[in-house]
Amino acid sequence: MSFRNILAFLICAGAAFAQADHTLGYDNTPLIPNSKWRVHDSSRPRPRVITPGAPVSTPAPSDAIILFDGKDLSKWMTPVKGQPTEPKWKVENGYFEVVPRSGSIQTRDKFQDVQLHVEWAAPAKIEGKSQDRGNSGIMFMTRYEVQVLDSFENPTYADGQAGSLYGQWPPLVNVMRKPGEWNAYDIVFEAPRFKDGQLVKSAYATVFHNGVVLQNRQEYLGDTPHAKNGKYVDHGAEEPLMLQNHNSSVRYRNIWIRKLRGYDEP
Ligand code: MG
């Protein structure tokens, strides 16, 4: 092989390697409907970084359902072959922690429209990069994700950062605290409505992160899969809330939820 051929080979091999590295996103995924961006588009602008104010930890109001009070995971289960089993996630010191490769957990109760408060912390010791760093997720109805990720000085694609509606809408800003520090999400989630198997109203989320708005009643374009467009598939009017196990030891504490009803049915 001549020097020129070896050089050409190395350049091709390098290009193939670079293409396989999705740290900063993708350039070969589908376009998002009514958008100029692809799913996880590497060229989509990253949200502006701002510094959060005082820590936000909000005690539950009287009509909230307490999903975690620092003691046990009795409100949660891990489905195994369709059967609810005890979660294997670790509970200690008033929080619980994702145990990698032990499955996701979901509430035993089901919900429709809700207000959710949840506090979470990315691992203090940085392991992995991009989407492998402090990844978990708030999965409304087990399928509409608000991303949980260590977005602190972590280059990754915009629609995968903390507070994104995963693969669809980046957060408006990046207000992430340092690894190991507690963050708070306050989320209003409106469930989609189906009639005769057809979608008649999309799902929406309004997301606050450390008291700062990230999503302003943003529309879910469907569920939130990796590297492809989501779609709506008819499901129950109420479904469990799920916390995603993405094999990062993310911690959670002080989780409460309120069922929302309309102005005509206070
Ligand atoms: Mg996630």
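Below is a summary of the structure that appears in this document. These numbers were taken from a predicted model, which means no experiment stands behind them.

Moving on: the sheet that holds strand β9 (residues 136–140). Taking strand neighbours across the sheet as the criterion, the six strands line up as β4-β3-β7-β17-β9-β10 in an open arrangement whose pairing is antiparallel. The outermost strands of the open sheet, each flanked by one partner alone, are β4 (83–85) and β10 (144–148). Summarising the sheet, β9 and strand β17 (residues 242–243) pair through two bridges and their orientation is antiparallel. When the sheet's bridge partners are listed, M139 is paired in β17 with M242.

With that settled, consider the coordination of the magnesium ion. The coordination sphere of the magnesium ion, as far as protein atoms go, consists of N135 (OD1), S136 (O), E145 (OE), Q147 (OE1) and Q244 (OE1), spread over 2.2 to 2.3 Å. All donor residues of the magnesium ion come from one chain, and their arrangement in sequence is N-S-x8-E-x1-Q-x96-Q. Just as N135 is buried, S136 falls in that class too.

Looking now at the pattern of salt bridges. Summed over all chains, the structure comprises 11 salt bridges. In this structure, the salt-bridge partner of R108 is E86, at a minimum N-O distance of 3.5 Å. Of this pair, R108 sits in the loop between β7 (105–107) and β8 (114–121) while E86 sits in the loop between β4 and β5 (90–92); the two residues are 22 residues apart in sequence, bridging distant segments of the chain. Taking the shortest distance from any N to any O, the salt bridge between R193 and D113 comes out at 2.9 Å. In this pair, R193 sits in strand β13 (residues 193–195) while D113 sits in the loop between β7 and β8, placing the two residues 80 residues apart along the sequence. Salt bridges linked by common partners bring K90, E97 and R251 together as one network.

Okay, the environment of I187 next. Relative to the assigned elements, I187 resides in strand β12 (residues 182–190). Once the C-alpha coordinates of I187 and T78 are considered, the two residues, 109 residues apart in sequence, prove to be 23 Å apart. In this view, I187 contacts V114, Q115, L116, F140, V146, T206 and V207; residues no more than four positions away in its chain are not counted.

Moving on: unusual backbone geometry. The phi angle at N93 is positive, at roughly 50 degrees, despite the residue not being glycine. Among the residues examined, N93 registers a relative accessible area of 70% and is labelled exposed. Unusually for a residue other than glycine, E153 sits at a positive phi of about 50 degrees. Checked against the element boundaries, E153 lands in the loop between β10 and β11 (173–174).

The subject of this paragraph is the packing of aromatic side chains. Under the definition given, this model contains 14 aromatic pairs. Seen from their ring centres, W89 and F96 are 6.0 Å apart, and the 40 degrees between their planes marks the pair as tilted. An identical accessibility class is assigned to W89 and F96; each is buried. Ring centres 4.5 Å apart and planes at 5 degrees place the aromatic pair F140 and F189 in the stacked group. Of this pair, F140 sits in strand β9 while F189 sits in strand β12, and the two are 49 residues apart along the sequence.

This brings us to the pairing of strand β18 (residues 251–259). Pairing of strand β2 (residues 65–68) with β18 involves three bridges; the strand directions are antiparallel. From the neighbouring strand, I65 faces β18, where its bridge partner is I257. Relative to β18, strand β6 (residues 95–97) runs antiparallel, the two sharing two bridges. Counterpart to E97 in the pairing with β18 is R251. Relative to β18, β8 is paired through seven bridges, and the arrangement is antiparallel. By the bridge assignment, W120 is partnered in β18 with Y252.

Cut-off values and rules
Residues numbered from 1 in each chain as written. Predicted model: local features only at pLDDT ≥ 70, side-chain atom pairs only at ≥ 80, totals over all residues. Heavy atoms only, no water. Pairing = 2+ DSSP bridges. Helix = DSSP H or I, 4+ residues; strand = E, 2+ residues; numbered from the N terminus. Donors = N, O, S within 2.8 Å, 3.2 Å for Na, K, Ca; no water. Buried < 20%, exposed > 50% of the residue type's maximum accessible area, 1.4 Å probe, protein only. Salt bridge = Lys/Arg side-chain N within 4 Å of Asp/Glu carboxyl O. Contact = heavy atoms within 4.5 Å. Phe/Tyr/Trp six-rings, centres within 6.5 Å; stacked < 30°, edge-to-face > 60°.

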